Amino acid sequence: MNDECGIEAGFLHSSFIVYQRSGRKRTDRKKVRLTKVKVIIMNKTLRIKSSYINIIRFMVMIVLCVFSMSGCRQANDLANANKATISNTAANTNSNANANSNANSNLTANSNANTEDKKSNAEIETIYTDLTEGKCKTTSEDESDVITQECPGVAGYKLEVAEHDAQKTINVLSPSGKTYSLDFQGKVSGGLSTLGEKAEWRVKKTGGKEQPVGLITRFNFSKSGDPNNLTSYLIVTKIDGDKVCITDIVKTKDANEKARQLADVAPTKPCL
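Source: prediction; values computed, not measured.

Q: Please explain the state of the cysteines as it appears in this structure.
A: Should the sulfur atoms of two cysteines be covalently bonded, the bond is a disulfide. Under the criterion given, the structure shown has two disulfides. In this model Cys 136 forms its disulfide with Cys 151; the gap between the sulfur atoms is 1.9 Å. Residues Cys 136 and Cys 151 are joined through a disulfide that is right-handed, its torsion about the S-S bond being 110°. With Cys 136 in the loop between β1 (124–130) and β2 (137–141) and Cys 151 in strand β3 (residues 146–151), the pair connects residues that are 15 residues apart, well separated along the chain. A residue is classified by how much of its surface remains accessible, and Cys 136, at 10% relative accessible area, is buried. Residue classification places Cys 151 among the buried positions, given a relative accessible area of 2%. Through a disulfide, Cys 245 is tied to Cys 271; the S-S separation comes to 1.8 Å. Looking down the S-S bond of the Cys 245 and Cys 271 bridge, the torsion is -75°, so its handedness is left-handed.

Q: What is the right way to look at the sheet that holds β2 in this model?
A: Strand order in the open sheet made by the five strands is β2-β3-β4-β5-β6, with antiparallel pairing throughout. A single partner strand is all that each edge strand has here, and the edge strands are β2 and β6 (179–181). Looking at each pair of strands side by side, their axes are set apart by 25° on average, direction ignored. By the bridge criterion, three bridges tie strand β5 (residues 167–173) to β6 in an arrangement that is antiparallel. Across the sheet, Leu 173 pairs through a bridge with Thr 179, a residue of β6.

Q: Looking at this model, I keep getting lost on the packing of aromatic side chains. Mind explaining?
A: Aromatic rings in a pair are described by how distant their centres are and how their planes are angled relative to each other. Taken as a whole, this structure holds three aromatic pairs when the rule is applied. Note on Phe 221 and Tyr 233: the rings are 5.2 Å apart at their centroids and 65° apart in plane angle, and the pair reads as edge-to-face. Of this pair, Phe 221 sits in strand β8 (residues 209–222) while Tyr 233 is found in strand β9 (residues 231–240), placing the two residues twelve residues apart along the sequence. Residues Phe 221 and Tyr 233 agree in their burial class; the two are buried.

Q: I would appreciate a short explanation of helix α3 (residues 255–264) in the present structure.
A: Since the α-helix packs 3.6 residues into each turn, any two residues three or four apart lie on the same face. Along α3, the residues that are buried comprise Ala 255, Ala 259, Leu 262 and Ala 263. For α3, the angular spread of buried residues about the axis comes to 100°, placing them on one side. Each element contacted by the buried residues of α3 is listed here: β7 (192–206), β8, β9 and β10 (243–250).

Q: Explain the nonpolar core to me, please; I cannot follow it from the model alone.
A: Across soluble globular proteins, nonpolar side chains have a tendency to be buried as a group. Leu 159, Val 172, Phe 184 and Trp 201 are the most contacted members of the largest nonpolar core, which totals 24 residues. Of all the elements, β7 adds the most residues to this core, at four residues. When neighbours within four sequence positions are excluded, Phe 184 is seen to be in contact with Lys 168, Thr 169, Ile 170, Ser 189, Leu 195, Thr 217, Phe 219, Ile 235 and Ile 246.

Q: Sorry if this is basic, but what is going on with the sheet that holds β8 here?
A: As a general point, the strands of a sheet are linked pairwise by backbone hydrogen bonds and lie either parallel or antiparallel. Taken together, five strands build an open sheet; the order of strands is β1-β7-β8-β9-β10 and the sheet is antiparallel. Each edge of the open sheet is held by one strand with a lone partner, namely β1 and β10. Neighbour-to-neighbour, the strand axes of the sheet open up by a mean angle of 25°, direction not taken into account. Sheet strands in contact with α3 are β1, β7, β8, β9 and β10, and its direction is about 140° off that of β8.

Q: How should I be thinking about the side chain of Thr 169 in this particular structure?
A: Counting through the fold element by element, Thr 169 comes out in strand β5. Separated by 3.0 Å, the side chain of Thr 169 and the backbone nitrogen of Phe 184 make a polar contact.

Q: What exactly am I supposed to notice about the pairing of β3 here?
A: Looking along a regular strand, one sees the side chains alternate between the two faces of the sheet. Note that β2 and β3 share four bridges and pair antiparallel. If you follow Lys 137 over to β3, its bridge partner there is Glu 150. Inspection of the sheet shows β3 paired to strand β4 (residues 158–164) by six bridges, in the antiparallel sense. Residue Cys 151 lies in a different strand from β4, and its bridge partner there is Leu 159. In this structure, the hairpin formed by β3 and β4 is closed by a connection of six residues, where Ala 155 is found at a positive phi of approximately 55°.

Q: Sorry, what's going on with the environment of Thr 132 here?
A: Take Thr 132: it is sitting in the loop between β1 and β2. Under the relative-accessibility criterion, Thr 132 is labelled partly exposed at 26%.

About the criteria used
Residues numbered from 1 in each chain as written. Predicted model: local features only at pLDDT ≥ 70, side-chain atom pairs only at ≥ 80, totals over all residues. Heavy atoms only, no water. Disulfide = S-S within 2.5 Å. Helix = DSSP H or I, 4+ residues; strand = E, 2+ residues; numbered from the N terminus. Buried < 20%, exposed > 50% of the residue type's maximum accessible area, 1.4 Å probe, protein only. Pairing = 2+ DSSP bridges. Axes fitted to C-alpha atoms, helices over the stretch in contact; angles between N-to-C directions. Phe/Tyr/Trp six-rings, centres within 6.5 Å; stacked < 30°, edge-to-face > 60°. Arc of directions from axis to C-beta. Contact = heavy atoms within 4.5 Å. Core = buried A, V, L, I, M, F, W, Y, C linked by side-chain atoms within 4.5 Å. Polar contact = N/O pair within 3.5 Å; in protein donor to acceptor, adjacent residues only side chain to side chain.

Following this line, the structure appears as structure tokens:
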């Protein structure tokens, strides 16, 4: 009895030990499995973290690239803006210079125009000189019955009355000594002719100086030779330096005023 109890007790003890060892093995296997799982999880976690880190790095690189490109663009924009500013400044400078030059040219032109206007708008007056024998001096008388008389004028000019075969004409003597024949017989009419007693000079006064611009003389003639049947014209002569010639023959009733108007602009007109 005691032996059986002892055998059973030994069997139970050995079974317990086997069970205990078996339990330990299971526990160890679970620990190994858990450890493997933890390692796997940690590896996955590390991989995920590494992926996140790579993503973050990539994003940082993108941001840096964007900022870098933006900075380059800003630098280029700034450089272009500076170039444009410099170009505009140069253009404005040139424009201002041209504007100033044009303004100066305009001022000069206006000044010249005003000067010319003053000259053209200078007062024109009438000065009369005598053509009668008592006021003129005989200068020549030849065998061909040509008689010349020198009569007074203005501003260095003089008039010469030439008469041949009862026909009279006028020559203009310039201050330089030149003689300009007006040739009334060839330009107006032949036949018996006489002159008015006065010559009318249209004179422009500028700066206290007298400058004749026109001459008006009366020319009476008769183609038939009848002294009681004379036709009378006013002859307008331009005096423009060395250009002296007849420009107009006035035949109208208001001949005096018309002749003055024509004489005042005679330097601008062609010769007949």
